[in-house]
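Survey of secondary and tertiary structure
Residue strings, one per chain:
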Amino acid sequence: MDVIRLLGIRDTPLSLDEVFSAVGDHAAGGTALFVGTVRDHDHDRPVTRLSYSAHPSAEAELRRVAEKIAADFPVTALAAVHRTGDLALGDIAVIVAVACPHRGEAFTAARRLIDDLKSTVPIWKHQLFIDGTTEWVGACD
């Protein structure tokens, strides 16, 4: 069975239950889950909402990142989903989960998964600030 259980770039709300269920594995002693949400500020500037856009290659790049994590760590199950479209404050933008035999491995692998996703998967954030100005932020920073 493939350890990569769930990957996706979606324009619909993300589900913690779906991601957590996808990585359930009796061989895992630890599961680390990261949830990224839309916050009300960025660099001390009030944010009112934002929108994510993804390049058509984003899912393929997400798979490449997931495969690298699975190769570098003793992963028993892995899942990662990222949202696109308009999001409000508090909405879930990204969820990653990694199950491994031990908690330390799960924490480290999940940290690397979200960091690599944010630095290499071509997803861009368009932020609207309270003063009416906007800013594009590349998830590949």
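Residues numbered from 1 in each chain as written. Predicted model: local features only at pLDDT ≥ 70, side-chain atom pairs only at ≥ 80, totals over all residues. Heavy atoms only, no water.

In this section: the environment of D2. Secondary-structure assignment places D2 in the segment before β1 (4–10). Using a relative accessible area of 44% as the deciding quantity, one classes D2 as partly exposed. Considering only alpha carbons, one finds D2 and T76, 74 residues apart in sequence, at a separation of 8.8 Å. At a separation of 3.2 Å, a polar atom in the side chain of D2 contacts the main-chain amide nitrogen of I4. (Helix = DSSP H or I, 4+ residues; strand = E, 2+ residues; numbered from the N terminus. Buried < 20%, exposed > 50% of the residue type's maximum accessible area, 1.4 Å probe, protein only. Polar contact = N/O pair within 3.5 Å; in protein donor to acceptor, adjacent residues only side chain to side chain.)

It is worth spelling out the side chain of T84 at this point. Within the secondary structure, T84 sits in the loop between β5 (77–83) and β6 (85–88). The class for T84 is buried, based on a relative accessible area of 13%. Beyond its immediate stretch of four places on either side in the chain, T84 contacts I9, R10, D11, Y52, S53 and A54. (Contact = heavy atoms within 4.5 Å.)

Before going further, it helps to examine the side chain of D42. Take D42: it is sitting in strand β3 (residues 41–42). Judged by its relative accessible area of 7%, D42 is buried. A polar contact of 2.9 Å, which involves the side chain of D42, links it to the side chain of R39. For D42, the contacting residues outside a window of four places in its chain are V47, Q127, F129 and E135.

What the rule picks out here adds up to 10 salt bridges. With a closest N to O distance of 3.1 Å, R111 and D115 form a salt bridge. Here D115 and R111 lie together in helix α3 (residues 103–120), a separation of four residues that amounts to about one turn. Since its relative accessible area comes to 56%, R111 is described here as exposed. Residue classification places D115 among the partly exposed residues on the basis of a relative accessible area of 38%. (Salt bridge = Lys/Arg side-chain N within 4 Å of Asp/Glu carboxyl O.)

Read these as geometric descriptors, not functional statements.
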